[in-house]
Structure formats: C-alpha cells, structure tokens
Amino acid sequence: MRALFAATSFRRIFTRLIRPTHQIRTMASAAKDITAPPVEKQVIVHEGKRYVTVKEGLAHILVPEPSEEDKENLRPDQAVRQVFYNPIQQYNRDLTVLAIKAYGKEAVQQKQASHSKLEKIIDKKRKREAQKKEQQPNKAQKGADGEKATTEPATDATSAETVQQEAKDAAEQETDVPVDKGDEQATNGEAKKGKQPPFTVLDALSASGLRALRYAHEIPFLTSVTANDLLATAVDSIKLNVKHNRLQDKVNVCHDDALAHMYTLIAKELRAKDPKGKPTPSEKYDVVDLDPYGTAAPFLDAAVQSVRDDGGLLCVTCTDSGVWASNGYPEKCYSLYGGVPVKAWFSHEVGIRLVLYSIQTAAAKYGLTIEPLLSLSIDFYIRVFVRVKKSPAAVKFQGGKNMMVYNCDSGCGAWSTQMLMRNKPSPNKKGSGVFYKHTFAQGPLVDKGCEHCGSTMHMAGPMYGGRIHSSDFIKRVLSELDEAPTDVYGTTPRIRGMLQTALEEILLTPDEQEAEKAKEEAIKAGKKPDPAFKEAELAAIDPYPFYFHPATISGILKCSCPPEAPLKGALRGLGYRVTRSHCKPGSIKTDAPWSIIWHVFREWIRQKAPVKEDNIKPGTPGYRLLRLGEKKKKQQGEQTEDAEARKEQQSEQAEGEKMPEVVFDEQLGRDDKTVKLVRYQANPRENWGPLNRAVGKVPSHHRKD
C-alpha cells in the first residue's frame, strides 16, 4: 500500500510539473472556433467553453476539456472518458453502421425495383386505355361541341386515376410488398432527377449524437437521420456536434421523450387521411435504433410500430445482463421480457432468445412478424437486428417458434426444449403442395428428474425458439466489412471474428440443407423459388440451441478436461457436427444428443484420463453418470435392485443398448486456422464497461452513451 501511495503521489507531482508547461500552451494557441473544419484532438472554444475533438469513424464529437483537477486524477487513457462518450462502445457502433449499410443497400434496391415495375405497369395500362379509345366509335361527334369539351377531360382524369390505382394493386400482388404512397410519390419524383429513394433512420436515445453523426457520414444512401434525446444538455451537445460536423442538412435534432416521439408519429399515421379516406404518405422510419442504458423493454411496443412494416430494420441493445443472463432476478426478467432466465453456463444465449421473444410478442399484437438477422451477446450487453414485416398470416406461425426449456441446473447441466405449439405441414386437397396446421404441442417431454443424472429439472422461458441469425445477412455484412477501411472502422478484426463465429453457429437440418440447395438452383436458373420454401422458413425452428462447456462437464465428472481438438474429433467421428458459440470462449455447440456427449466423456475417462473413483461421492451427478454404483454392485456379485441402481439402468436404457466406438481423432477435430480470427474480446483496459448513467433527472429507461 505504501508503494502504491508513493507511486500515485509521484505521478500527480510529475503531472503538475510537466503537463502545464507544454500541453496547455499548445492547446491554447491551437484553440479554434466551432466553424473550423473538424480535426481529431483539436481544441474548440465556443461560448466561453473549451472542448476537445474526438474522432470515431468519420464523425467528430466535442468533449468538454478536463479541468486541471481532473487531469491530475485521471489516467492518460481516461482523458476523454466523459458522460456522453464511451469509447468501448465503438465496436457496437462500427457493427451497426455496417449492418445498416448491408440492409439498406438491399432495401433501396427493392424500392427502386418495385417502383420501376409500378411505372412499367402504369405505362402498359395507359397504352391499353388509349388503344381502346381509338378502336371505339367516336360517339361524341353526334353531340354538341360544347358537350364533348366538357365530358372528355373528366373521363380522361377518371381513367388515369383508375389506371394508376389498378397498376398499384397489380404491382403489390406481383411483388408481394405493399407500395407505400409516400414512397411512390417521392421515388418517382426523385427517379426523374437521378436521386435515390428516401432512407430514414431514428436514433431514439442519441446522447452525444455520435451514432447519428456516423450514420450521416458513412451511409451514402441515407437521406435523413433523427437524433432524439430527453436531456436538454444532451440535445445541446448534439446540436453543437451537428454544427461542428456540418451536417445540418441530414441530421434532425429532436428534444423529446423517445416514447412520446414514436407514439406521436404513430398517432399521426393513424389520423392522417386524404379527402377520399385513404392513408396519406407514411413517415415511418426505415431503421429504428434503440440503445438505452439498461433494458429496451419499455420502448419495444412503440418501436415496432414506428419502423416501416414492409421490412424495416429494428436495432436493439439491452445492457441489463444481470437480469437476462443470471438467476438472481427471475421476477424482474419475467416482468421485462415475459420469460424466466436459466441458471446455466449458456445463459447468454437464453438472454438473446428472451429479448427476441419480447420483441416478437410486442409486434404480433399489430399483425407484425419479425425475422432475426443477427443476434449477438457482446461484452456486457446484447445487440440484435431484426426485420419487421406486416403479415398476419406469418404471425400464426409464432406460437410454434417459442419454447420452454427444462434445465438440470443442480446436476449435470443437460437441457431439453419444449415448443409451445406445433406448425404441422399437411398435404392440400389438390396434392400439389402443403399447408400448415397450427396445433397444440404434446408434453411434457421430460420427467421432473433428469434422465441422465436424476437431479431436479427446472423450467425457463418462454423464449424464442427459431433461428437467431440469417446466414445471407451475415454474409452481406462480411462483404461490407471487406470494403471497410480499417482507419475508419477500428474494430474490424473483432467484427470479422464474431460474425464468422456466428455464421458457423447455424447448423441446418438435412431437410433444410436440401431446401437451400433447391432454392439456390432455382435462383441460378432464373426461376422463382417454390412458394413452399417461404412457409417452411416461417415454420423453421432451431433444433440445436445452446452450447456446453467441456471444463464444466469435466468438473462434474472429476476428470481432467479433454483438449478441444480430440473432443471435436470424437464427435465428428461419430457423424455429428461441432462448432463453437460466439457467446463464450471455450464453448462447444453440436447437434449430438446429450446421451452421446456423456458417452464420449465416459470413453475419455476410460481411454485417456482415469479418475479416482473413491473421490466421487455416492449420490452425486458424477457418481450416477459414471455408473459407479452399478459397477460396485457387479464387483460384489450382488443384484442391483436399489433405487440408485434402477436410475442408472434407466439411464443406460435411454441411451440405447449399444453405444458406438469413440476415437479421439485430434486431426479430425482441428479447425482450419489458415485465417486467424479474433473471435472473442480481450479486456481493452482495466475498469472498462458501460460507464455511469448520464447526469440529470431523466426516466430510468433512458440512457446516455
């Protein structure tokens, strides 16, 4: 302690002696006005206050210059660690910009394609109407000239309006995407000028406005971004940063409660009607970004209604990992997300599925369905990207995509899932296809005791049971990453590693693999994919959720932990697929059942790492999993009639009469390491994390970066 105090005192004395002699003079001489072009580390003086410019991506934000007292107390790496800026969150912002770019390019192309198709249909309709007029006898010549002059314009106007409406309806039927009237007018007008269709983003909880600034700088097809915040000081900071970055034409600053802003937009959409009673042009956002301090649950209902319902993108962050990834507050988790967490090593994936479940249930009330594109557990928070669509027919499938989880948390750690409903395909009357029946699920599928170790099973959920990633979307983000300059996106190595790991997590069933091949062949041949593929995707669930930790299992069995390569080689040698989870390093994700996993570990103990059986207490999960009670009974020549032995016999019968031979092939278990990837984050510095909440009286559901 004395040495630490002496070192701290020396650092403070040294800082007092050295820093004022060269830094302050340089900064004072280099101080510039707010109108100066933004440059990293420059000093800006505005209305008597001094700011330091911090650059991230292509954006620059102004951070209040630390006082002399702060300079003495803060470490060098804490010089810009202020309320409104957390540099650790750069990974989140880099990833979000790339994800919006990958999504937006496809969305803009679809807008352009749908409206160009609409224009062609309108032109064809007009030509048909003109041909009909030419072929019909001109009866108007028999009437008076005045009568002809008064009737023809009205007929032409009515005909043109009818043609446009019919063409619009036809375009919607062919493209299966509703054509928004606002986009129709804007896009048609801008197409003539050679401009792109509108693409808008809402940064609902903007804080310093850094996200909005980066979106405006780095997304070329973005037309406007709204930066909203409730705190007056945050809004002043956003306005200052927007002015400094010269983005007044793209960034709209809004001082409002995030919920009030979104519900005001929703109310405006519901009330707005034209003289004929039809909806007016929509002002919903293409992308809604929620990045609160803590949970995003209070904002979900408004967010799913504020984003476009023809495939808009909803980006959600939840930083309350102590709620959804722990077993300390199950009542709080249920009140926020509608489900109960687990006490298990795979709790972070359960947290992702709980958040997706809450988004899904919020959207379903309004006939909206969600498609998870990318769902990641990062550091201390969750970040999910979901596509929102208006489809009452697709909402019917959601009951069969949610599940309960039975977890052996007090024993071996095995789990079993139970879907809430079934989406059952049945042949239609013509026999040319299938339709889906939405029926009750059978259950329960497990006993109150674990089938492997006999310990008590506990329930968790309900939670989302479908796929949490889209392979196509991840590939598009990786494609954007290939073109991203590393000096702008400073976290590209980690983004690439995590996205590649998430892509490898997707383990398709044999039926899904055949469907994907058929779909790709149809696209290459220029044909439309079979409509049955779409319904199959709606009904698809994730048959292999979660992951396990070899070291944890080895601790239960009291044996040395097998290396990763031999363990993977053993499972692959038995015909199963093995990968890892992005959630935690050292994880194993496989399509092998638990009976095979336990068999492999028993063989590891028998072949490679024998255990001292006397050290394993009777009645423990490890004692039952290794069947030591049965072994001792056989050695003594006694019959196994007690309850303990019967449990072991039932466990053995459940696994089958004969288990396959296990070979720990290290070569087979090695992954391709030709490309080195940063799959998991190393701590960037000590005491890093979400930082403190912003200063000011704001509702608890608001956050300042």
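Parameters at a glance
Residues numbered from 1 in each chain as written. Predicted model: local features only at pLDDT ≥ 70, side-chain atom pairs only at ≥ 80, totals over all residues. Heavy atoms only, no water. Helix = DSSP H or I, 4+ residues; strand = E, 2+ residues; numbered from the N terminus. Buried < 20%, exposed > 50% of the residue type's maximum accessible area, 1.4 Å probe, protein only. Contact = heavy atoms within 4.5 Å. Areas by Shrake-Rupley, 256 points an atom, 1.4 Å probe, with all protein chains shown as cover. Core = buried A, V, L, I, M, F, W, Y, C linked by side-chain atoms within 4.5 Å. Salt bridge = Lys/Arg side-chain N within 4 Å of Asp/Glu carboxyl O. 1 Å grid on protein atoms, 1.4 Å probe; cavity = no way out; pocket = protein on both sides within 12 Å on 5 of 7 lines; lining within 4 Å. Points joined across faces, edges and corners; volume = space filled by probe spheres on them. Nonpolar A, V, L, I, M, F, W, Y, C, P; charged D, E, K, R; others polar. Phe/Tyr/Trp six-rings, centres within 6.5 Å; stacked < 30°, edge-to-face > 60°. Pairing = 2+ DSSP bridges. Axes fitted to C-alpha atoms, helices over the stretch in contact; angles between N-to-C directions. Expected span 1.5 Å × (residues − 1). Right-handed = clockwise from strand over helix to strand, strands pointing away. Polar contact = N/O pair within 3.5 Å; in protein donor to acceptor, adjacent residues only side chain to side chain.

Peer 1: For this particular structure, what's the right way to read the overall build of the protein?
Peer 2: Tallying secondary structure elements over the protein gives 24 helices and 17 strands in all. Here the protein holds 705 residues, and the buried ones make up 48% of them. In the protein, once contacts between residues fewer than 6 apart in sequence are set aside, the share between residues at least 24 apart is 70%. Summed over all atoms, the accessible surface of the protein reaches about 35,700 Å², with 53% contributed by carbon and sulfur.

Peer 1: I'm lost on the nonpolar core in this one. Help?
Peer 2: A general tendency of soluble globular proteins is for nonpolar side chains to be buried together. Core analysis: the largest hydrophobic core is formed by 91 residues, its most contacted members being L290, L314, Y337 and I359. The leading source of residues in this core is helix 12 (residues 347–364), at nine residues. When near neighbours in sequence (up to four residues on either side) are disregarded, L290 contacts A204, M262, F299, L300, A303, L314, C315, V316, T317 and R383. In this structure, V54, Y103, Y215 and L374 belong to the second largest nonpolar core, which totals 54 residues.

Peer 1: Got a minute to help me understand the pattern of salt bridges in this structure?
Peer 2: A side chain with one charge may pair with a side chain of the opposite charge, provided their charged atoms come close. Per the counting criterion, the structure on display carries 35 salt bridges. Two residues, E106 and R476, come together in a salt bridge whose shortest N-O distance is 3.0 Å. Of this pair, E106 sits in helix 3 (residues 90–135) while R476 sits in helix 14 (residues 471–483); the two residues are 370 residues apart in sequence, bridging distant segments of the chain. Salt-bridge contacts for E666 lead to R670; the nearest nitrogen and oxygen are separated by 3.3 Å. With relative accessibility at 40%, the residue E666 sits in the partly exposed group. Classification of R670 as partly exposed rests on a relative accessible area of 47%. Through salt bridges with shared partners, one network takes in E504, E564, K568, R572, R580, D671 and R679.

Peer 1: Explain empty space enclosed by the protein to me, please; I cannot follow it from the model alone.
Peer 2: Leftover empty space is mapped by rolling, across the atoms, a probe with the size of a water molecule. Tallied over the entire structure, the rule returns two cavities of 30 Å³ or more. Each pocket or cavity is described by its volume, and for the largest cavity that value is around 100 Å³. Together, E349, R353, R467, I468, H469, E505, I506, L507, D542, Y544 and K589 line the largest cavity. Class assignment of the residues belonging to the lining of the largest cavity gives a composition of four nonpolar, one polar and six charged.

Peer 1: Any chance you could explain the packing of aromatic side chains here in plain terms?
Peer 2: Aromatic ring pairs are defined here through the distance separating the ring centres and the angle between the ring planes. Per the stated rule, a full pass over the model turns up twelve aromatic pairs. When the ring of W345 is compared with that of Y547, the centres are 5.7 Å apart and the planes differ by 80°; the resulting orientation is edge-to-face. Highlighted residues: W345 in the loop between helix 11 (330–337) and helix 12 and Y547 in the loop between helix 17 (531–539) and helix 18 (550–557), separated in sequence by 202 residues. Summarising the aromatic geometry, the rings of W415 and W594 are spaced 5.1 Å apart at their centres and angled 90° between planes, so their arrangement reads as edge-to-face. Here the residue W415 occupies a position in strand 12 (residues 415–419), and W594 occupies one in helix 20 (residues 594–607), the gap between them amounting to 179 residues. Comparing W415 with W594 shows no difference in burial state: the two are buried. Here the aromatic residues F346, W415, F546, F548, W594 and W598 are joined through ring pairs into a cluster of three or more.

Peer 1: What exactly am I supposed to notice about unusual backbone geometry here?
Peer 2: Only a minority of non-glycine residues have a phi that is not negative, and only a minority of peptide bonds are not trans. Omega for the peptide link from G443 to P444 comes to -5°, which places this bond in the cis form. For P444, the location among the structural elements is in the loop between strand 14 (434–440) and strand 15 (458–464). Residue P462 is bonded to the preceding G461 through a cis peptide linkage, with omega at 0°. Backbone geometry places K41, a non-glycine residue, at a positive phi of 70°. Looking at where K41 falls in the secondary structure, it is placed in the loop between helix 1 (2–30) and strand 1 (43–46). A positive phi angle is found at R246, which is not glycine, with a value near 60°. Position of R246 relative to the elements: it lies in the loop between helix 7 (232–245) and strand 6 (251–255).

Peer 1: Where do I start with the sheet that holds strand 8 (residues 310–318) in this structure?
Peer 2: Strand pairing in a sheet is mediated by backbone hydrogen bonds. Such pairs are either parallel or antiparallel. The mixed open sheet is built from seven strands, whose spatial order is 6-5-4-7-8-10-9. With one partner strand each, in any of the chains shown, strand 6 and strand 9 (368–378) form the two edges of the open sheet. For this sheet, the mean inter-axis angle between neighbouring strands, taken without regard to orientation, is 15°. The pairing of strand 4 (residues 200–203) with strand 7 (residues 287–290) spans three bridges and is classified as parallel. Among the inter-strand pairings, D203 is bridged to a residue of strand 7, identified as D289.

Peer 1: Just to check I follow, could you spell out the sheet that holds strand 15 for this structure?
Peer 2: Read from one edge of the open sheet, three strands run 12-11-15, paired in antiparallel fashion. A strand with exactly one partner marks an edge of an open sheet, and here the two such strands are strand 12 and strand 15. Across the sheet, the mean angle separating the axes of adjacent strands is 25° when strand polarity is ignored. Across five bridges, strand 11 (residues 402–407) lies against strand 15 in antiparallel orientation. When the bridges of strand 15 are listed, N402 appears paired with Y464.

Peer 1: Whenever I open this one, helix 16 (residues 510–524) confuses me. Can you help?
Peer 2: Since the α-helix packs 3.6 residues into each turn, any two residues three or four apart lie on the same face. Given a rise of 1.5 Å per residue, 15 residues ought to cover 21 Å, and the 21 Å separating the end C-alpha atoms of helix 16 matches this to within 8%. Two residues or fewer after helix 16 comes G526, characterised by a positive phi angle close to 80°.

Peer 1: What should I look at first to understand the pairing of strand 4 in this one?
Peer 2: The two faces of the sheet receive side chains in turn, since in a regular strand these alternate between them. Because side chains alternate across strand 4, one face comprises the buried residues T200 and L202, and the other comprises V201 and D203, equally buried. Note that strand 4 and strand 5 (residues 224–229) share four bridges and pair parallel. Residue pairing across strands places D203 opposite A227, the latter belonging to strand 5. Viewed along the sheet, the connection from strand 4 through helix 6 (residues 210–218) into strand 5 turns out right-handed.

Peer 1: Is there a simple way to explain helix 15 (residues 492–505) in this structure?
Peer 2: Between the first and last C-alpha of helix 15 there are 20 Å, a value that for 14 residues agrees with the 20 Å anticipated at 1.5 Å per step. Burial within helix 15 is extensive, with ten of its 14 residues counted as buried. Among all positions of helix 15, only T492, R494, I495, G497, M498, L499, T501, A502, L503 and E505 are buried. Turning to helix 15, the residues buried within the fold contact helix 3, strand 9, helix 14, strand 16 (578–579) and strand 17 (589–590).

Peer 1: For this particular structure, what's the right way to read the environment of S377?
Peer 2: Within the secondary structure, S377 is located in strand 9. Classification of S377 by relative accessible area gives buried; the value is 5%. The spatial distance from the C-alpha of S377 to the C-alpha of M498 is 9.8 Å, given a sequence separation of 121 residues. In contact with S377, other than residues within four places in its own chain, are H348, I352, I382, M498, H582 and C583. A distance of 3.2 Å separates a polar atom in the side chain of S377 from a polar atom in the side chain of H348.

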